[in-house]
Amino acid sequence: MRKTVVTAVILLWAILAAAENGYDLWLRYRPLPAAIADGYAECIAAVHVAGESPVLKAAADELSSALEGLTGRRPAVCRDPRACCLVMGAHLEERFGGAFAAAEVEACGNEGFILRTAPFGKGMVLLVTGHTDAGVLYGVFALIRMMQTGKEITGLDLSETPDWDLRLLNHWDNPDGTVERGYAGRSLWWNREEAPEQLRKQYRDYARANASAGINGAVLNNVNASPGMLRPEAIRQYATIADVLRPYNIRVYMAVNFSSPAILGGLPGSDPLDPAVERWWKEKVEEIYAAIPDFGGFLVKANSEGQPGPQNYGRTHADGANMLARALKPRNGIVMWRAFVYEPGSEDRARQAYTEFVPLDGQFEDNVIVQVKNGPVDFQPREPFSPLFGAMQNTSLMVEFQITQEYLGFSDHLVYLAPLQKECLDSDTWCPGKGSTVARITGGAFSPGRITAIAGVANTGRDSLWCGHHFAQANWYAFGRLAWNYRLSAREIAREWLAMTFSSDPSFLEPALTLMMRSREAAVNYMTPLGLHHLMGWSHHYGPEPWTDIPGARPDWLPRYYHNASPLGIGFNRSPSGSNAVEQYCPPLREIYGDPATCPLPLLLWFHHLPWDYPLPTGNRLWDELCLRYQAGVEDCRQFQKTWDGLNRFTDPRRFAEVQAKLRIQTREAMWWRDACLLYFQTFSGLPFPAGMERPVHNLDQLKKQKFNLTHHN
Ligand code: GCV
């Protein structure tokens, strides 16, 4: 008997533990404490869906399964709204005239929603409405989030509209199923062999997660695009996926190879001004729309890192983008044209996108958006904002963030990215004047009527927990939430995510929040403090290799190009006495960044080359400050481990152990970064390590010989 009970307990534990493998993301819908659950169940005991559409059905199904999971009770379906406690549907003012003014519902636009409790008959009714069914879907997800995080849902009066029209994930997925800079397994979309029903479930769950965070579009293939993506079979695969995503208000977009007309269409070239090329694209666009009527448009990486583009034919980026834009325009499609360009041998890579794109300002068709990486180099742990924001006032611009952690420890390091994204979005460009933040510029504050968009390079893959690290899921979620509402604080978003994903117990939330909020700065400190950048190995982008020198390699792929360490000092001189990249910023930023005395400390070595003993406002000389920051990064990681170890009673065993194992790797590698960088820089500074700093545990010669090992990174 006893044996049976023990076996049953073990079995139950195993089932529960297996159920918590991270697949459910923040949509876990685990039972809430009875007191709260009963209140919600009562408040939403019966639901009336006013209208019929796949989007409304998706919203109603989600609400129903969320309530069932959270409260143990599925709401009844009621046909008569008078007998219901919740009514969802677009334009409810037509039935609940007193509850809203028509203009208020109209103001919700394409995707906004209103959640309002209103008197109806003898009681109260909770209304979820908007101008469109998509708005209702987002309203339902907002309501679910409120319940998941224990908020009051009686007496609601809330309305929201998103800050950007298009909120997209970019998947760098290749047709063979590999993912460029992907650290969470193979591609969700390509080269799959599972049964269609199994795939549909996974795609639906992907769509639910996106919709709940507010993401409404996805580019399903790599910007280093295979021309094969435009073959009929790839278009069919795109269409199959689009069908599953559509009820969640998600459109698909495609990254295209500019040489497709030549490679695929057999034309002699792909010159954007050649009428035959233009015709080829128009026909291709029609073929795509025949399969995917709500197709979103193209994303293009052109004349960058070996990709073909209009410059191959002596044409400009505007010529190339506009030709595609004209093909897409009749179908309301858009072109997202990337500004990530840099040439070998240019004096300063950080200057290049500006140099190439600013002269084209005002020349793009109105369905072109220029997609600009957040910083002027490449998704480093910290960069200043790209000076293109603000400099192209007659062109739609969108920010591209990287959610996948190419330069931030892949899926091994816990780095919560919302603070990085907020830092960029809240940056004041001062163009055309004070208050012109990146968020406001790209959100259309100065150009009403233009399409607005924002993109994040996805960190998802076939991995059972989607993102390779349980906390990397937070970066997917946070990107969506910020894209919906950039005014949310990184802390608020982390709090929501933690409560939904792990536990809303305050004894869990507070320490876990501190850990997350500290994590980005910790990574900056142990990788690239004080504005240093690109210190990683050039082939893998993972660990530190500040010494790398590869004869014949492009200088701007090598760390030494960026840190310039020598006995004289360290840093990239982008001041007027150097590359003068500071001139690309509007006043007063160019003066502030251009003078080491006023340049913000976190960006100091981004803009200046300074002597090792340069005195800093912290009271330390540069060398000592650098050492202490590396050390602080390591100490933070150790603290993260301690914090997490203390939280085991709030988490299930599997996720707890998996995060714990990753934190162990992170601390070990923070020490690797610290030692590699400091021991190497010390060969130039010749200065001792400051008092209070731990001695390195590695030996520089051994580190230099060590081969990078990918075994624990997949
Ligand atoms: C998709 C960096 C990455 C490349 C990436 C490129 C880009 O260089 O290392 O993998 O290519 O950025 O954003 O186009």
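Residues numbered from 1 in each chain as written. Predicted model: local features only at pLDDT ≥ 70, side-chain atom pairs only at ≥ 80, totals over all residues. Heavy atoms only, no water.

**Some details on the overall build of the protein chain**
Where we set the bar: Numbered from the N terminus, helices here are DSSP runs of H or I no shorter than four residues, and strands are runs of E no shorter than two. We compute the radius of gyration over the C-alpha atoms and compare it with the globule rule, which gives 2.2 Å times the number of residues raised to the power 0.38. The rule is simple: take the accessible area with a 1.4 Å probe, protein chains only, and divide by the maximum for that residue type; under 20% is buried, over 50% is exposed, in between is partly exposed. By definition in these notes, contact holds between two residues if any of their heavy atoms fall within 4.5 Å. For every accessible area listed, the method is Shrake-Rupley and the probe measures 1.4 Å; residues are considered covered only by the protein chains on display. In this tally, Lys and Arg are treated as positive and Asp and Glu as negative; His is ignored, and so are the chain termini. Each charge is placed at NZ for Lys, CZ for Arg, CG for Asp and CD for Glu.
The secondary structure content of the protein chain amounts to 23 helices and 14 strands. Here the C-alpha atoms of the protein chain give a radius of gyration of 26 Å, agreeing with the 27 Å that 2.2 N^0.38 yields for 714 residues. Referenced to the eigenvectors of the C-alpha coordinate spread, the extents of the protein chain come out at roughly 80 × 75 × 50 Å. In the protein chain, which comprises 714 residues, the share counted as buried stands at 61%. Excluding contacts between residues fewer than 6 apart, the proportion of contacts in the protein chain whose partners are at least 24 apart in sequence is 71%. When the accessible surface of the protein chain is summed, it comes to about 26,500 Å², and 54% of that surface belongs to carbon and sulfur atoms. Taking the average location of the 69 positive side-chain charges in the protein chain and that of its 77 negative ones, the two points are 4 Å from each other.

**With respect to the pattern of salt bridges**
What counts is decided by this rule: Criterion for a salt bridge: a side-chain nitrogen of Lys or Arg within 4 Å of a carboxyl oxygen of Asp or Glu.
What the rule picks out here adds up to 51 salt bridges. Across the pair Asp378 and Arg349 runs a salt bridge, and its minimum N-O distance is 3.8 Å. A residue pair is termed long-range when its members are at least 10 positions apart, and Asp378 in the loop between strand 12 (368-373) and helix 12 (388-391) and Arg349 in the loop between strand 11 (334-338) and helix 11 (352-357) qualify at 29 residues. Across the salt bridge formed by Arg655 and Asp652, the nearest N and O atoms sit 2.8 Å from each other. Several salt bridges converge on common partners, so that one network encompasses Glu20, Asp24, Arg28, Arg30, Asp652 and Arg655.

**A word on the state of the cysteines**
Under the convention used in this document: Note on terminology: disulfide denotes any pair of cysteine sulfur atoms within 2.5 Å.
Taken as a whole, this structure holds two disulfides when the rule is applied. Each sulfur of the disulfide joining Cys78 and Cys84 lies 1.4 Å from the other. Handedness here is read from the sign of the S-S torsion; for Cys78 and Cys84, about 90°, the answer is right-handed. With respect to burial, Cys78 and Cys84 carry one shared label: buried. Between the sulfur atoms of Cys431 and its disulfide mate Cys586 the distance is 2.2 Å. What sets the handedness of the Cys431 and Cys586 disulfide is the S-S torsion sign, and at about 120° it is right-handed. In this pair, Cys431 sits in the loop between helix 13 (418-425) and helix 14 (438-442) while Cys586 sits in the loop between helix 18 (559-563) and helix 19 (589-594), placing the two residues 155 residues apart along the sequence. Numbered in order of appearance, the disulfide-bonded cysteines of the protein chain are paired 1-2, 3-4.

**Let's talk about the sheet that holds strand 9 (residues 251-256)**
Our working definition: Two strands qualify as a pair provided DSSP detects at least 2 bridges between them. Under this scheme, a helix contributes an axis fitted over its contacting stretch, all axes are lines through C-alpha atoms, and angles between N-to-C directions fall in the 0 to 180 degree range.
The parallel closed barrel is built from eight strands, whose spatial order is 7-8-9-10-11-12-13-14. Averaged over all pairs of adjacent strands, the angle between their axes in this sheet comes to 25°, without regard to strand direction. Direction of pairing for strand 8 (residues 217-219) relative to strand 9: parallel, over a ladder of three bridges. By the bridge assignment for strand 9, Gly217 is matched with Arg251.

**Here we look at the site of the ligand**
For the record, the criterion: Proximity is defined per residue: if any heavy atom of the residue lies within 4 Å of a molecule or strand, that residue is considered near it. We define a polar contact as two N or O atoms separated by no more than 3.5 Å, with the added condition that, inside protein, one atom must be a possible hydrogen donor and the other a possible acceptor, whereas residues neighbouring each other in sequence contribute only through side-chain atom pairs. Side-chain classes are defined by residue name, with Ala, Val, Leu, Ile, Met, Phe, Trp, Tyr, Cys and Pro counting as nonpolar, Asp, Glu, Lys and Arg as charged, and the others, Gly among them, as polar.
Every one of the 15 residues lining the ligand counts as a neighbour, but Glu180, Lys301, Arg338, Lys373 and Glu406 are closest to it. Here Arg338 contributes a side-chain N or O atom positioned 2.7 Å from an oxygen atom of the ligand. Burial of the ligand by the protein chains amounts to 97% of its free accessible area of 340 Å². For the shell around the ligand, the per-class residue count stands at four nonpolar, three polar and eight charged.

**With respect to the sheet that holds strand 6 (residues 157-160)**
Taken in spatial order, the six strands make up an open sheet running 2-1-3-5-4-6, and their pairing is mixed. Both outer strands of the open sheet, strand 2 (76-77) and strand 6, are each paired with one neighbouring strand and no more. Here strand 3 (residues 86-88) pairs with strand 5 (residues 123-129) via three bridges, running parallel. Paired with Leu86 across the bridge in strand 5 is Leu126.

**A look at the pairing of strand 9**
Formally: We call a crossover right-handed when, viewed with the strands running away from us, the connection from the first strand over the helix to the second turns clockwise.
Among the six residues that make up strand 9, five are buried, leaving the element largely enclosed by the rest of the structure. Note that the unit made of strand 8, helix 7 (residues 232-245) and strand 9 has a crossover that is right-handed. Sheet analysis places strand 9 next to strand 10 (residues 297-300), joined by three bridges and oriented parallel. Residue pairing across strands places Met254 opposite Phe298, the latter belonging to strand 10.

**Focus on helix 10 (residues 317-328)**
Stated formally: By definition here, a helix of n residues has an expected span of 1.5 Å times n minus one.
Taking 1.5 Å per residue as the helical rise, helix 10 with its 12 residues ought to reach 16 Å, and the 17 Å between its terminal C-alpha atoms agrees with that figure. Where helix 10 is concerned, the buried positions are His317, Ala318, Gly320, Ala321, Asn322, Met323, Leu324, Ala325, Ala327 and Leu328. Of the residues that open helix 10, the one with a side-chain oxygen 3.2 Å from the backbone nitrogen of Ala318 is Thr316.

**Observations concerning the nonpolar core**
The test is simple: Here, nonpolar core refers to any group of buried Ala, Val, Leu, Ile, Met, Phe, Trp, Tyr and Cys residues whose side-chain atoms link them within 4.5 Å.
One finds Leu63, Phe298 and Phe681 to be the most contacted residues of the largest nonpolar core, which totals 229 residues. Apart from residues lying up to four places away in sequence, Phe681 is in contact with Leu532, Leu535, Pro546, His563, Ala565, Ile570, Trp612, Trp623, Leu626 and Tyr630.

**Some remarks on the packing of aromatic side chains**
Here is the rule we go by: Between rings of Phe, Tyr and Trp, where Trp is taken as its six-membered ring, a pair exists when centres lie within 6.5 Å; planes separated by under 30 degrees are stacked, by over 60 edge-to-face, and by other angles tilted.
Under the defined criterion, the tally for this structure stands at 42 aromatic pairs. Both rings, one in Phe471 and one in Phe502, keep their centres 5.5 Å apart while their planes meet at 25°; by these two values the pair is stacked. With a gap of 31 residues between them, Phe471 in the loop between strand 14 (453-457) and helix 15 (472-484) and Phe502 in the loop between helix 16 (490-501) and helix 17 (506-527) connect regions that are remote in the sequence. When its relative accessible area of 4% is taken as the criterion, Phe471 is described as buried. Geometrically, the ring pair formed by Phe508 and Phe650 is tilted, given 5.7 Å between the ring centres and 55° between the ring planes. In this pair, Phe508 is assigned in helix 17 and Phe650 in the loop between helix 21 (622-645) and helix 22 (653-685), connecting sequence segments 142 residues apart. Residue classification places Phe650 among the buried residues on the basis of a relative accessible area of 13%.

**A word on the confidence of the model for the protein chain**
For clarity, the cut-off: pLDDT expresses how confident the predictor is about each individual residue, on a scale running from 0 to 100.
Per-residue confidence for the protein chain averages 95 on the pLDDT scale, and 96% of its residues sit at or above 70. Across residues 8-17 the pLDDT falls below 50, and counting only partners more than four positions away or on other chains, this stretch makes three contacts in the model.

**Some thoughts on the packing of helix 5 (residues 133-148) against helix 6 (residues 196-213)**
Rule in force here: In this scheme, roughly parallel covers angles under 35 degrees and roughly antiparallel covers those over 145, while 65 to 115 is roughly perpendicular and the rest are oblique.
It is the contact of helix 5 with helix 6, at a shortest axis distance of 8 Å, that shows an interaxial angle of 85°. Here helix 5 lies roughly perpendicular to helix 6, going by the angle between them. Along its contact with helix 5, which presents Leu137, Tyr138, Phe141 and Arg145, the element helix 6 presents Arg208, Ala211 and Ser212.

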